[in-house]
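# Summary of the model geometry
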Amino acid sequence: MRFTSLSLPYPTPIHRFFPLPIPHPPLLISLSRIADLHLHSTASDGSDPPATVVRRAARAGFAAMALADHDTMDGVTEALAEAAIVGIEMIPGVEYSTLDGEREIHMLGYGLDPADPALKRELARLCAGRFNRAQLMVEKLNELGIQVSWERVREIAGDENVGRPHVARAMQEAGYIKTIKDAFTPDYIASGGRAYVERVKITPEESIAQIRAAGGVAVLAHPGRFRGDDDQIGDDTIERYIAAGLEGIEVFYSRHTAEMVKHYSEMAARYSLVITGGSDDHGVNAESLMGRVHLPYEYVEQLADAISASRERRVTCVGNSQG
Ligand SMILES: [Zn+2]
Ligand SMILES: [Zn+2]
């Protein structure tokens, strides 16, 4: 039975509402309530629409979940509506792609107000940057005599945010290159290449400030792993983000080792950071990771407290600026 197969790095806390009435399977699940706070939908590069992601999470026995699409909160409204129907707690989230120098850093924001005008503007800028950038690269390729069409690149991308991999696939399809990798050369769309266009940039510190200004909590995503490389984020870097207002760290992650979990847990304790966790699932047609991380529900409560504090701070700040 699925509720007996929880494998957590720490003992599961007995839920505070214990004891519950006569136990049967659904109630036994709620004895050790679990969450997945890092899920993607078709609003960014996931394969499942937001409502489907919510239904999958509910079916998998999660008490709480968070949608954390790349640079957009467009899926949040649909996810919240579905969550109310299926009875799962849904926390609005976003995953910013930021640049720390040349290095890509992902920053999660939880509990932000999707209707916040400044946030909407900024996410639109980041998404448009991503979109226009690919189009500009196609134009540059055309100037270089590579005949790939923007329409075809968009078709290839489908519901995903258009990016360099889609441009590369169009080049491959048209016979200009043998493998996708061949597009990422100085002649084409490698960083600094002849058809390359610089991305719209945001630093980790700027994303933290935006998340906080929108009443959310900034959490460093997968500090131990990124794209499978051995590229752990160093403690000194994390300390710099903490100084900028970082409040949490994604300790539990589908590709974190036990040592990473231990290290980042200790860091969280040292700096009083909120601990979060999630699978980074991108849907059933992508690498389906849902179920790999079972975040104990007590961490969701801690995150909820941090979100409340951030919202209160925000109200105070807005009040001050008007007064
Ligand atoms: Zn990420
Ligand atoms: Zn992600």
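For every chain, the first residue of the written sequence is number 1, and numbering continues from 1 along that sequence. Chains carry letters and ligands carry numbers; both start at the beginning, A for chains and 1 for ligands, and go up in the order they are written. Given that this is a predicted model, residues contribute local features only at a pLDDT of at least 70 and side-chain atom pairs are listed and counted only at 80 or more, while totals for whole chains, interfaces and linings are drawn from all residues.

### Looking at the overall build of the protein
To be explicit about the condition: Helix numbering and strand numbering both begin at the N terminus, where a helix is a DSSP run of H or I of at least 4 residues and a strand a DSSP run of E of at least 2. For every residue, the other C-beta atoms within 10 Å of its own C-beta are counted; 20 or more classify it as buried, 12 or fewer as exposed, and values in between as partly exposed. C-beta atoms are placed from the backbone. C-beta atoms are placed from the backbone for every residue, and two residues are taken to be in contact when these atoms lie within 7 Å.
Regarding its fold elements, the protein presents 10 helices and eight strands. Across the 323 residues that make up the protein, the buried fraction comes to 41%. Of all intrachain contacts in the protein linking residues separated by at least 6 positions in sequence, the fraction that spans at least 24 positions is 70%.

### Quick notes on the sheet that holds strand E5 (residues 217-220)
The cut-off we apply is this: The pairing criterion is simple: DSSP has to find at least two bridges between the two strands. The convention used is that axes are lines fitted to C-alpha atoms, helices contributing only their stretch in contact, and that angles between N-to-C directions extend from 0 to 180 degrees.
Strand order in the open sheet formed by eight strands is E7-E6-E5-E4-E3-E2-E1-E8, and the pairing between neighbours is mixed. If you trace the sheet from one side to the other, it starts and ends with strand E7 (274-278) and strand E8 (295-296), each paired once. Running over the sheet, helix H7 (residues 204-213) touches strand E3 (89-100), strand E4 (103-110) and E5 and is turned about 10° from E4.

### Section: the nonpolar core
In plain terms, the rule: By definition, a nonpolar core groups buried Ala, Val, Leu, Ile, Met, Phe, Trp, Tyr and Cys residues that connect through C-beta atoms lying within 7 Å of each other. Bear in mind that the domain bounds are from an automatic or database domain assignment.
Grouped together as the largest cluster of nonpolar side chains are 61 residues, with contacts concentrated most on Ala35, Ala64, Met65, Ile88 and Val219. Broken down by element, this core gets its largest block of residues, six residues, from helix H10 (residues 297-322). When residues are assigned to domains, this core turns out to be shared by domain 1 (16-116 + 216-322) and domain 2 (117-213), each giving three or more. When near neighbours in sequence (up to four residues on either side) are disregarded, Ala35 contacts Phe62, Ala63, Ala64, Met65, Leu295, Tyr297 and Val300. With 16 residues, the next largest nonpolar core counts Met137, Leu141, Val153 and Val167 among its residues.

### Comments concerning the environment of Glu266
Within the secondary structure layout, Glu266 lies in helix H9 (residues 258-270). Overall, the presence of 11 C-beta atoms within 10 Å leaves Glu266 in the exposed class. Considered as a pair, Glu266 and Val251 are 15 residues apart in the sequence and their alpha carbons are 9.7 Å apart.

### Let's talk about the packing of helix H5 (residues 150-157) against helix H6 (residues 164-173)
Applied cut-off: With the far helix as reference, a near helix turned anticlockwise by less than a right angle produces a left-handed crossing, and one turned clockwise produces a right-handed crossing. Asp, Glu, Lys and Arg are counted as charged, while Ala, Val, Leu, Ile, Met, Phe, Trp, Tyr, Cys and Pro are counted as nonpolar; the rest, among them Gly, fall into the polar class.
For the pair H5 and H6, the least separation of the axes is 9 Å and the interaxial angle reads 115°. Judged by the twist between their axes, the crossing of H5 over H6 is right-handed. Where H5 approaches H6, its residues Arg152, Val153, Ile156 and Ala157 are matched on the opposing element by His166, Val167, Arg169 and Ala170. Of the residues assigned to the contact of H5 with H6, the class counts are five nonpolar, one polar and two charged.

### Notes on the pairing of E3
Burial runs high along E3: nine of the 12 residues are buried. Strand direction decides the pairing type here: strand E2 (residues 64-70) and E3, joined by seven bridges, are parallel. Across the sheet, residue Asp69 finds its bridge partner in E3, namely Val94. In terms of strand pairing, E3 meets E4 through eight bridges, oriented antiparallel. Bridge pairing in E4 links Leu99 to Glu104. Here E3 folds back onto E4 in antiparallel fashion, the turn holding two residues, of which Gly101 has a positive phi close to 65°.

### Quick word on H7
Extensive coverage of H7 is indicated by the burial of seven of its 10 residues. Those residues of H7 not exposed but buried are Pro204, Ser207, Ile208, Gln210, Ile211, Arg212 and Ala213. Positive backbone phi, at 80°, marks Gly215, one or two positions downstream of H7.

### Section: the environment of Phe184
As for its position among the elements, Phe184 is in the loop between H6 and H7. Between the alpha carbons of Phe184 and Ala168 there is a distance of 7.9 Å; along the sequence they are 16 residues apart. Setting aside residues no more than four positions away along its own chain, Phe184 makes contact with Ile189 and Ala190.

It is worth stressing that arrangement in space is one thing and function is another; only the former is reported here.
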